[in-house]
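Here is how the chains run, residue by residue.
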Amino acid sequence: MLKRILTSLVVWAAATMAFAQDEMSSQDVWQESPSVEASDAMAGLEAVASQSQGQTSTDEAGTTAETPAEAPASAESAAPAPAAVPAAVVAPAAPVAPVKKTREVPVRYWVNGDSTELDAIFVKIEKDTVYLKKPNEKQQKRIEKLDDAAAVALQESNGQEVEEIEEDEEVVIPKKENEIIMTDAVKDSMSAQAEEKPAEEVPADDGVGDDLETALAKEDQRQKMEEIAKVEEEIRQREIQDSIEAEAKNPFIKIYRYELKRLYNLEDEVMIDLSLSDYVVPEIVIEEEKIELYPPGKANLLVVSEPEACSLFVNGIPLKQVAPDTIKNIKPGKYTISVMKVLKDVEWWGSTVVRINADSLNKVSIPVLRPTTRLTLNTDPEAVEVYINEQPSEYVMPHYVTDVVVNEIKPQPSATVYLRKVGYRDTSVTIEVKAFMPNLVNVEMTPVLDVEFIESQKNYDKARSNHRIGRGLLWGSIAPIIAGGVLWYLAERDWSDAAAKKKAYTKLSAFDSDDTRQMVKDNHSLNRSGDVKGGIAAGLGAIGIGLLTAGIILAF
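So, here's what we can say about the structure. Only a predicted model underlies this, so the values are computations on that prediction, with no experimental measurement involved. (Residues numbered from 1 in each chain as written. Predicted model: local features only at pLDDT ≥ 70, side-chain atom pairs only at ≥ 80, totals over all residues. Heavy atoms only, no water.)

1. Comments concerning the overall build of the protein chain
Okay, so step 1: When helices and strands are tallied, the protein chain shows nine helices and 20 strands.
Okay, so step 2: When each of the 556 residues of the protein chain is scored for burial, the buried share is 27%.
Okay, so step 3: Surface exposure of the protein chain reaches about 38,100 Å², of which carbon and sulfur atoms provide 55%. (Helix = DSSP H or I, 4+ residues; strand = E, 2+ residues; numbered from the N terminus. Buried < 20%, exposed > 50% of the residue type's maximum accessible area, 1.4 Å probe, protein only. Areas by Shrake-Rupley, 256 points an atom, 1.4 Å probe, with all protein chains shown as cover.)

Here is the structure:
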């Protein structure tokens, strides 16, 4: 009986190893040859079987007969010889294609015939096969967070109140021991162990009444059975370890793409197109926006500062250059070039507006000025009306016209600059006027192509001009009216004096003397002077009233 059991174990072990090798080769997974421990365990099992076959059972008389042992076929000899590997053919080196960066994303997939969806990590689709991986603990938590976020978004879209859930402390989940992967070899091993169990329980032999030889034979038999059990356990553990290593080398869950109903990308919230035979999720690359310090072109500008070693600025944007230096490859046009130098912990600034040409030598010299609060206004186009902290209207004239440097301005946290020009959109800029700084304002206005809008701007300018002229006439009418009033007063005095002379002459008219003749002459002179002054006063009064009337009409 023992001989048959040992022979069966040897044959079963050889068949199991051959079957495992065939299975690994069919799955295209590289598998090493049986390890040294498995080979040693196999050799030990064969040696025990040989030794047991060389023994004979004890006969009734107690004599022992030895029989030659039959050499069982070795498992290694039964295994097919490996095929010869052909020599490698050296092929010409092909150009290396750039490696496309990909990423693995959590997905939820649904297989045809299943009633539930499963979570996994999507790797790729290659040759109509979907490669997935089982999520680890960290990835599973990530999937749960994505599910919670999707549920909250759904509740918010439906107008439901979302309860804030306090995050509990992290619960440390104990790591599970390595699970036994139920391969065919492991299943056969476990079934073989189940078959070896006796159908009926045999009463234990306590060895009472045995002679010395029988007791020794039973002890040898027990030791051999223990060795056999030990070798079997080693073989079984090795098979389990091999299956775990095979799983680690090939961790993918492979599903034919037509067997899937759907494959949903949880991270990007999109469906993965299962009509593609090859697909990977590309890595999201965020390109950094390149900020241009000034418009590129083919012109150059040499900037010289007084004193030297001043930092350069173009339209208020700092350059990593120190004057004197050349600003290269700049687009021709108008710019505000500034220089700055720190002297005794105080910033000294100098700035100027420069028009850069493409076909000439562009050079500018800028001196730094004593720190004052200035507002430097530079616009494109030029000659733009400027209003500071006052909105344009028909009754308000522009404060300045660009390009201009406003020196009479106080530091303030917020100042609004209104810009206006016919043919362009009205523009307003809110800035902070810093103390002892140039406070650069560079504005490029938007042109308008609407004819009606331009006509309305022109009518606005015409109405504003009329209001301005009317106000000028009102102010101009004051002088002639006042002058006319003064002259009329003087004329009245002359006329009064002439009347007094005439009255005195009437009293003395009986006597012809020098006094009477002088009175007549003074009377005529005063009357003529009063008439002239009165006429001029009347003219000036008429002019003043006319200006006043026209001013009222135009101004209001």
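Further notes follow.
2. Side note on the nonpolar core
Okay, so step 1: Membership of the largest hydrophobic core comes to 19 residues, with the highest contact counts inside it found for L301, V303, I327 and I337.
Okay, so step 2: In this view, I327 contacts Y294, A299, N300, L301, V303, L312, V314, L319, Q321 and I337; residues no more than four positions away in its chain are not counted.
Okay, so step 3: Among the nonpolar cores identified, the runner-up in size contains 16 residues, and L375, I388, V404 and V406 belong to it. (Core = buried A, V, L, I, M, F, W, Y, C linked by side-chain atoms within 4.5 Å. Contact = heavy atoms within 4.5 Å.)

3. Some words on the pattern of salt bridges
Any two side chains of opposite charge can pair, so long as their charged atoms come close to each other.
Okay, so step 1: The final tally for this structure, using the stated rule, is 21 salt bridges.
Okay, so step 2: Salt-bridge contacts for D268 lead to R103; the nearest nitrogen and oxygen are separated by 2.7 Å. Of this pair, D268 sits in the loop between β5 (260–265) and β6 (270–271) while R103 sits in the loop between α3 (75–78) and β1 (105–111), placing them 165 residues apart in sequence.
Okay, so step 3: Using a relative accessible area of 29% as the deciding quantity, one classes D268 as partly exposed.
Okay, so step 4: Two residues, R257 and D128, come together in a salt bridge whose shortest N-O distance is 2.6 Å. Of the two residues, R257 is situated in the loop between β4 (252–256) and β5 and D128 in the loop between β2 (118–126) and β3 (129–133); the sequence distance between them amounts to 129 residues.
Okay, so step 5: Relative accessible area serves as the criterion here: at 6%, R257 is assigned to the buried category. (Salt bridge = Lys/Arg side-chain N within 4 Å of Asp/Glu carboxyl O.)

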